[in-house]
Amino acid sequence: MKKSILMLLAVVMVAAAIAAGCTGSSGGEATPTPTTTPAETRTLLIATTTSLYDTGLLDALKAPFEQEYNAKVDIISAGTGTALGYGENGDVDVMMVHDRVREDAFLADGHGIDRRVIAYNFFVIVGPESDPAGIKNMTPEEAFATIREKGLADPADVKFVSRGDNSGTHAKEKVIWKTAGFNYTTDITNSGEWYIEAGTGMGATLLIADEKSAYTLSDIGTYLAYKDKITLVPLVSEGDILLNVYSVMRINPEKHPGVNSSLAKDWINYLISPLTQKTIEEFGVDTYGEPLFFPAAGNWETMGVNRSEVEDPVV
Amino acid sequence: MGYIIDGLREAFHLIVSLDPDVMEITALSLVVSLTATCVATAIALPVGTAVKFTDFPGKKVLINLIQTLYSLPTVIVGLLVFLLITRHGSLGFTGLLFTPQAMILAQTILILPIMTGLTISALSGVDETIRDTIVSLGATRLQFLTSIVREARFAIFAAVAVGFGRAISEVGAAILVGGNIAHRTRVLTTAISLNTSQWEIGTSIALGILLLAIALVVNTGVSLFQQR
């Protein structure tokens, strides 16, 4: 018995040595840069709404920042709901989201600080060119009510694909249903085959809506970035309710001591700087013929936010 | 059909030109899954041997449990590891979330049961007469075990290959604990998922071909080893 214990111990030790060898060598392969760079490269971890990522805007913004601040920016693309969840746990340094109501709650709970508005654009209701529900040029609320009515009557012809993932776009969709006079839980979800909950990002949702010749709500930026890949066309794009405001906040370091707060500050200040705002304004114009995002600078009235939220640097 | 042809053409180009992004993603996949397989082997081999050759109450139940966990869903492993290493989790202080190390941890846990179970099966497969012969030749306990493991090496090697195959092909855990961060935690499977949702079919096909190629190399390696 004693022998077998000794034996087991020996095997475990050998195993541990092999394991250490394994991780040691491959760990070195995996991250060659941090060990070879003498000056410490800091890493900023951002959780972002999918639209800022799927359009390519964030990749365009991060490169100059990385150079200027000798930093590495890591981006996790998730819906606003997921991003806020990561933030609440202190698992990221910065969040870029677009849902004022939940942002306000997040700030009030003390999880986030220093919210700045960085850009805006508009949501559009897109659908098949044949427009089977006939919603073209209606108000958003009328259009939603019509899609529901026609969808309930003929789900083979009229469908709506929802993000269904607690994202900012999903939140906006719920607001439109509510404003149009419906109870989201009882009147919309599970009300019939016409309503499809995708449970995925904006780009993927557009692809699903395209496959199913269905209507969906999209931010104009992601729609334009996907325009060549799908046949859906914008049908409703007018209405105050379609305003889409993007913000950045950092995680409260007092609540979550591990977060990289100073670099998070730099990132926010970088985003509201005139040069970056110009980059946002010009982003995608060459490729898509129109801007995907409008800069926040100078447009606080359009967005209905305080001027300080657009201009004041974080200190 | 056109988009498939276009996708294949683009995939071919990406692979032949050794596109840096594609190569980086492939390399990270290999590093993560090979490391996980190494660690899991280092645990599964001794544990499997110990379970096989020691008698203790509840042994049957344990083996049954191990076999049940062969089909452990990848997202459940992802969820468990996520809850463990999120900053307020019990291992949150390690700062492992959204790192390759977290993915290694998750994949190790994922493949441990199947590798342990297959190790037990491999050892059980050694002929009784060989066992008796080893004992009758007066082998010590250590000599006995090493001989048996040597006899079972082909089957054990196959167990390692199965574990590696499961690790490199999983997407659920990798996306939950890795976060699919470009140049950091993006591996073949999570990249295919993202690129398909962005309708970057060529890239997806290229990554898929590389994933299959890795499986092919590993399986060919196992066959060659077994035929020797």
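This is a predicted model, so every value here is computed, not measured. (Residues numbered from 1 in each chain as written. Chains lettered and ligands numbered in written order. Predicted model: local features only at pLDDT ≥ 70, side-chain atom pairs only at ≥ 80, totals over all residues. Heavy atoms only, no water.)

As for the domain arrangement of chain A
All names here are of chain A.
Then step 1. Looking at the assigned domains, one finds that chain A contains domain 1 (40-121 + 243-311) and domain 2 (122-242).
Then step 2. Here the C-alpha centre of domain 2 lies 26 Å away from the C-alpha centre of domain 1.
Then step 3. Counting residues at the interface gives 20 residues for domain 1 and 23 residues for domain 2.
Then step 4. Taken together, the links from domain 1 to domain 2 amount to zero salt bridges.
Then step 5. Where the side of domain 1 that touches domain 2 is concerned, the elements lending two or more residues are α3 (50-54), α5 (80-88), β4 (112-127) and β9 (243-251).
Then step 6. Residue composition of the side of domain 1 that touches domain 2, grouped by class: seven nonpolar, nine polar and four charged. (Domains from an automatic or database assignment. Contact = heavy atoms within 4.5 Å. Salt bridge = Lys/Arg side-chain N within 4 Å of Asp/Glu carboxyl O. Helix = DSSP H or I, 4+ residues; strand = E, 2+ residues; numbered from the N terminus. Nonpolar A, V, L, I, M, F, W, Y, C, P; charged D, E, K, R; others polar.)

Side note on the interface of chain B and chain A
Then step 1. Opposite the 29 residues of chain B that make contact, chain A presents 32 residues.
Then step 2. Summed over both partners, the interface of chain B with chain A buries about 2,700 Å², with 66% contributed by carbon and sulfur atoms.
Then step 3. By the criterion of area lost to chain A, the three top residues of chain B are R87, F98 and W199 of chain B, representing 21% of everything that side buries.
Then step 4. Scanning the region where chain B abuts chain A turns up two salt bridges.
Then step 5. The residue R184 of chain B makes a salt bridge to D74 of chain A at a minimum N-O spacing of 3.2 Å.
Then step 6. If you look at where chain B meets chain A, you find eleven residue pairs in polar contact (both at pLDDT 80 or more).
Then step 7. Breaking the side of chain B that touches chain A down by element, the ones donating at least two residues are α2 (20-53), α7 (141-151) and α10 (188-197) of chain B.
Then step 8. Considering every element that reaches the side of chain B that touches chain A, the biggest residue donor is α2 of chain B, with seven residues.
Then step 9. Here the side of chain B that touches chain A is built from residues that sort into 15 nonpolar, nine polar and five charged. (Buried area = accessible area lost by both parts, 1.4 Å probe. Polar contact = N/O pair within 3.5 Å; in protein donor to acceptor, adjacent residues only side chain to side chain.)

Some points on the packing of α10 of chain B against helix α11 (residues 201-227) of chain B
Residues and elements named next belong to chain B.
Then step 1. Running from N to C, α10 and α11 point in directions that differ by 160 degrees, and their axes come no closer than 9 Å. When the axis of α10 is compared with that of α11, the two are roughly antiparallel. Our pair here, α10 against α11, has a crossing hand that is left-handed. Taken together, the residues of α11 that come into contact with α10 (itself represented by L188, T189, A191, I192, N195 and T196) are T203, S204, L207, G208, L210, L211 and I214. (Axes fitted to C-alpha atoms, helices over the stretch in contact; angles between N-to-C directions. Parallel < 35°, antiparallel > 145°, perpendicular 65-115°, else oblique. Left-handed = near helix turned anticlockwise from the far one by under 90°.)

Topic: α11 of chain B
Residue and element names in this part refer to chain B.
Then step 1. Between its first and last C-alpha, α11 extends 38 Å over 27 residues, near the 39 Å set by a 1.5 Å rise per residue.
Then step 2. Taken residue by residue, α11 has I201, G202, T203, S204, A206, L207, L210, L211, I214, V222 and F225 as its buried positions.
Then step 3. Taken together, the buried residues of α11 touch α1 (2-16), α2, α8 (153-169) and α10. (Expected span 1.5 Å × (residues − 1). Buried < 20%, exposed > 50% of the residue type's maximum accessible area, 1.4 Å probe, protein only.)

Topic: the side chain of T37 of chain B
Then step 1. On the secondary structure map, T37 of chain B appears in helix α2.
Then step 2. In this structure, T37 of chain B is in contact with I111, M115, V160 and F164 of chain B, ignoring residues within four places of it in sequence.

A few points about the pattern of salt bridges
Residues and elements named next belong to chain A.
Then step 1. Applying the stated criterion to the full structure yields 16 salt bridges over all chains.
Then step 2. For K72, the salt bridge goes to D74, with nearest N and O atoms at 2.6 Å.
Then step 3. The buried category is assigned to D74, whose relative accessible area is 2%.

Observations concerning the packing of aromatic side chains
All names here are of chain A.
Then step 1. Under the counting rule described, the total for this entry stands at 23 aromatic pairs over all chains.
Then step 2. Ring centres of W177 and W194 lie 5.8 Å apart, and the angle between their planes is 75 degrees; this geometry places the pair in the edge-to-face category. Separated by 17 residues along the polypeptide, W177 in helix α8 (residues 168-179) and W194 in the loop between α9 (184-188) and β6 (195-197) bring together distant segments of the chain. Both residues of the pair, W177 and W194, count as buried.
Then step 3. With a centroid separation of 5.4 Å and an interplanar angle of 75 degrees, the aromatic rings of Y246 and F293 are classed as edge-to-face. You can see Y246 sitting in strand β9 and its partner F293 sitting in the loop between α14 (285-288) and β10 (294-295), a full 47 residues away along the chain.
Then step 4. According to the relative accessible area criterion, Y246 is buried, its value standing at 0%.
Then step 5. Of the residues examined, F293 reaches a relative accessible area of 0% and is grouped as buried.
Then step 6. Among the aromatic residues, those joined into a cluster by ring pairs are F144, F160, W177, F182, Y184, W194 and Y195. (Phe/Tyr/Trp six-rings, centres within 6.5 Å; stacked < 30°, edge-to-face > 60°.)

Examining a nonpolar patch on the surface
Residue and element names in this part refer to chain B.
Then step 1. Residues V75, I76, L79, L80, L83, V171, I175 and L176 make up a contiguous nonpolar surface patch of about 640 Å² in total accessible area.
Then step 2. For the nonpolar patch, the secondary-structure elements that each account for two or more residues are α4 (74-85) and α9 (172-178).
Then step 3. Broken down by element, the nonpolar patch gets its largest block of residues, five residues, from α4.
Then step 4. Note on placement: I76 falls in helix α4. (Patch = residues over 30% accessible without salt bridge, like charges linked within 9 Å, V, L, I, M, F, W, Y side chains within 5 Å. Areas by Shrake-Rupley, 256 points an atom, 1.4 Å probe, with all protein chains shown as cover.)

Observations regarding the confidence of the model for chain B
Then step 1. Across chain B, pLDDT averages 93, with 100% of residues at or above 70.
Then step 2. Of the two predicted TM-score estimates for the complex, the pTM is 0.85 and the ipTM is 0.82. (pLDDT = per-residue confidence, 0-100.)

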